[in-house]
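Below are the chains, spelled out letter by letter.
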Amino acid sequence: MISVKMKKGSPITDKIFKFVAIGAATYVLAIIIMIVVNLTTGSAQIWQQEGISFLTGSDWNSVEGRESYGAAPYIMGTLVNAGIAMAISVPLSFGIAMFLSELAPKLLRTPLAMVIELLAAVPSVVYGLWGLLVFRLYIQNWIEVPLHNLFGDQSIIFAGTPFGLDIFTASVVLAIMIVPTIASISKEIMLAVPNSQREAAYMLGATKWEVFRIAVLPYSKSGLIGATILGLGRAVGETMAVTMLIGNATGAAAFPSSLFAPGQTLASIMANEFAEASQGGLHLAALVGVGLILFLMAFAINVVAHLLVARVVKSHEGAVLA
Amino acid sequence: MTNKVIMGFTLMLILIVPAMSLHASAQTSQSYTITGAGSTFVFPLMDNWRVEYNKIHPEIMLNYQSIGSGAGIKLLEQKSVDFGASDAPLSATDMQKAPGVLTLPESIGGITVTYNLPGIDKGLKLTGPVIAQIFMGNITSWNDPAIVSLNPGVNLPSQKIVVAHRSDGSGTTYAFTDYLSKVSPDWQTKIGQGKSVPWPLGTGGQGNAGVANIVKSTPYAIGYVELAYVFQNKMTYAFVQNADGNSFVEPTLDSVAADAAAASGSFPAADGDWSKVSIVNQPGSNSYPISTLTYVMIYKDLSTVTGETQDKSSQVLAFLDWIIHDGQQYASGLLYVPLPDSIKKIDENGLAEVTFAGGAVPEFGPIAALVLAIAIVSIIAVSARSRIGFNPKI
């Protein structure tokens, strides 16, 4: 027999608990506020100088006396790069999650899930180096050159000199990097759907696909959206691997005009130029400004995600929330 | 009775003197950590200097952070490192932020134009304006008449040129664009000179290694990297026309040194304004025109640096004096160009100006000798006395 003796709660422990919990919560808030304040004050100079054209312009010139900055190509680059990566990785991840939760034999499920989580733990610099030294040569020879030869420079999306360091390679490697994140969360969400739902669907004579469609999917929709957004967040902010692979064009040349043209993302321009930007100058302010844009973008993604999830939850009362 | 007094006195000495001399010797061998930060370009050489200097002076540690020239200058401005290292001289605004900084050239780098043309070895002949037109995207094919006319007899392919440049801000880019601005008015007006410039085309690679990787793995590519990288990676590189226009010079340690030596006559003193100093495109039939100085920067008054002591500042000086003299012998092994005597002279004059809180920094040698002498004398004295004291009386 186990008996638990409970002491009467003392008011002091309660106060300590309250204090610690509030302190921990304040810490997060404080960090965010400090980030925002720092990014805003650090980039104030560039907003004064360039105004709205910092968002819309495509000039990026740090030569002394000719300084002019516009982040539009990098904003576009980030969106296109993350967009292509999502287009590749989301179906792949959902497929993996579906297999693991609905089809895989129990014996296979745990080891496979572990392998996927292991992939999520590979540092991004490793993906970057692998992409740069190994993968890009295959992409170049097996995909880019044939496609380029087939469609030529007339086709907009396959124009340019295909040699592997471009938006396409960066997106594919980025997709590989975010698959584990999305897949492992999606799997958990699908597994969390009560078995009674599946059983009910089977009882009505549904096939495996139909069970997934009518029982699992509606229940896990909001969670899957959450998983996707998490993946998108990683794709937008990923720096190391993308910097190594995207080709790092600057200014107007960085506009994502073709899949096979070098580009640049918000994160990679910071990684490239921050160390050598002269201190206190406009160049540094511009790079901090790029950081602010990236921060706001991440913020917007999260807000949209929360709204979406909330809407889905509302329409499917009682759905499983991630 | 007197014996007992002597015994007691001796014992006391035995206990005290070694303790004192130990203390003294502990002071001589007190370890110092010299801190420096900046240029990644000079890091391999700096690391070699750290190891070699530590062999001679085991008590001196060098902590050099290769965080980039700009960041190195920032730390120097914050007065948190003993010296900064940069591939580019202090700009006018940097000089205002860090007044009283001495600029000491500590090694020389050459920048090669490297290419990947299957079947064509090193030695493609190029002129400055042609290189500028290639990197501006005006010459787009390898068999452009401008290249062909410089290289009679070379079978240049009719292929598009793939341009590779640095993606990160770098001293290499600074020197390369410095050269192109000097030789091509077109480049000067449209692009200019800087650590990162608005490249109209091409792919950016991170670091010398990144550009070298692109050029090596991509047929028909062209890029610019430090001298050391082309030798280490066995890459093919161009011979560039000299300033006199009478020959195409192969980039070697000697030809880069010749260029630097030709420029050294016009250098300012170490405490002068170096922001306009450039050693590209110097006269001389064997002067390779694309080269750059890298600098060590220290405060003229070392007490400015946070936490600096007089003892340590003399160690910093001794170290810097060593790298511009004995340290230079390690340069060529790592494919850095050793300093010519004319530049060493500027450095010597600069180091002679360094002070600590207004006073001259004491040479470390005499103090060390003095402490050592006292230690030896006291040890002899002790052993002499103890012989008396411990000789058992029979």
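Residues numbered from 1 in each chain as written. Chains lettered and ligands numbered in written order. Predicted model: local features only at pLDDT ≥ 70, side-chain atom pairs only at ≥ 80, totals over all residues.

### A word on the overall build of chain A
A count of helices and strands for chain A gives 11 helices and two strands. Helices (α) and strands (β) of chain A occur, in sequence order from the N terminus, as α-α-β-β-α-α-α-α-α-α-α-α-α. Overall, chain A is about 80 × 60 × 35 Å in size when its C-alpha atoms are taken along their principal axes. Within chain A, counting contacts between residues at least 6 apart in sequence, those at least 24 apart form 76% of the total. (Helix = DSSP H or I, 4+ residues; strand = E, 2+ residues; numbered from the N terminus. Contact = placed C-beta atoms within 7 Å.)

### What to know about the overall build of chain B
Summing up its helical and strand segments, chain B has 14 helices and 14 strands in all. Burial analysis of chain B (394 residues in total) assigns 45% to the buried set. Expressed as a percentage of contacts within chain B between residues at least 6 apart in sequence, the contacts between residues at least 24 apart total 76%. (Buried ≥ 20, exposed ≤ 12 C-beta atoms within 10 Å, placed from the backbone.)

### Points about the sheet that holds strand β11 (residues 248-249) of chain B
All names here are of chain B. Read across the open sheet, the three strands follow the order β5-β10-β11; overall the sheet is mixed. The open sheet has two free edges, formed respectively by β5 (125-126) and β11, since each of these has just one partner strand. In this sheet, strand β10 (residues 239-241) lies alongside β5 in parallel orientation, the contact comprising two bridges. Residue K125 lies in a different strand from β10, and its bridge partner there is F239. (Pairing = 2+ DSSP bridges.)

### Comments concerning the environment of G110(B)
All names here are of chain B. With respect to the helices, strands and loops of the structure, G110 is situated in strand β4 (residues 101-115). Residue G110 is classed as buried on the basis of its C-beta count, with 25 C-beta atoms lying within 10 Å. Not counting residues within four places of it along the chain, the set of residues in contact with G110 comprises L227, P251, V256, Y288, I290, S291 and V337.

### A few points about the interface of chain B and chain A
Residue-level contacts link 33 residues of chain B with 27 residues of chain A. Among the secondary structure elements, those contributing two or more residues to the side of chain B that touches chain A are α3 (69-77), β7 (203-205) and α9 (207-217) of chain B. The element that contributes the greatest number of residues to the side of chain B that touches chain A is α3(B), accounting for six residues. A class-by-class count of the residues in the side of chain B that touches chain A yields 10 nonpolar, 17 polar and six charged. (Nonpolar A, V, L, I, M, F, W, Y, C, P; charged D, E, K, R; others polar.)

### Description of the packing of helix α12 (residues 310-324) of chain B against helix α13 (residues 341-352) of chain B
All names here are of chain B. Axis separation between α12 and α13 bottoms out at 10 Å; the angle between their running directions is 170 degrees. It follows from the interaxial angle that α12 and α13 lie roughly antiparallel. In this structure, α12 uses L317, L320, D321 and I324 to contact α13, whose residues at the interface are K344, D347 and L351. Residues of the contact of α12 with α13, tallied by class, amount to four nonpolar, no polar and three charged. (Axes fitted to C-alpha atoms, helices over the stretch in contact; angles between N-to-C directions. Parallel < 35°, antiparallel > 145°, perpendicular 65-115°, else oblique.)

### Thoughts on the pairing of strand β2 (residues 60-65) of chain B
All names here are of chain B. Relative to β2, strand β1 (residues 32-38) runs parallel, the two being bridged by six bridges. The residue bridging G36 from the neighbouring strand is Y64, located in β2. In this view, the connection linking β1 to its parallel neighbour β2 by way of helix α2 (residues 43-56) has right-handed handedness. (Right-handed = clockwise from strand over helix to strand, strands pointing away.)

### Looking at the confidence of the model for chain B
The predicted coordinates should not be examined in detail at positions where pLDDT is low. Residue and element names in this part refer to chain B. Looking at chain B as a whole, the pLDDT averages 85, with 85% of positions reaching at least 70. Under a pLDDT of 50 for its full length, residues 388-394 has, in the predicted model, six contacts with residues more than four places off or in other chains. Interface confidence in the predicted complex, given as ipTM, is 0.81; pTM for the same model is 0.80. (pLDDT = per-residue confidence, 0-100.)

### Points about the pairing of strand β12 (residues 291-299) of chain B
Residue and element names in this part refer to chain B. Judged by how many residues are buried, β12 sits mostly within the fold: nine of nine residues are covered. Sheet topology note: the strand β3 (residues 83-86)/β12 ladder contains three bridges and is antiparallel. In the sheet register, A85 faces β12, and the bridge partner there is V296. As judged from the nine bridges shared by β4 and β12, these two strands associate in the antiparallel manner. Across the sheet, the residue bridging to L102 is I298, located in β12.

### Remarks on the domain arrangement of chain A
According to the domain assignment, chain A contains domain 1 (2-42) and domain 2 (73-278). Its C-alpha centre places domain 1 of chain A at a distance of 36 Å from the equivalent point of domain 2 of chain A. (Domains from an automatic or database assignment.)

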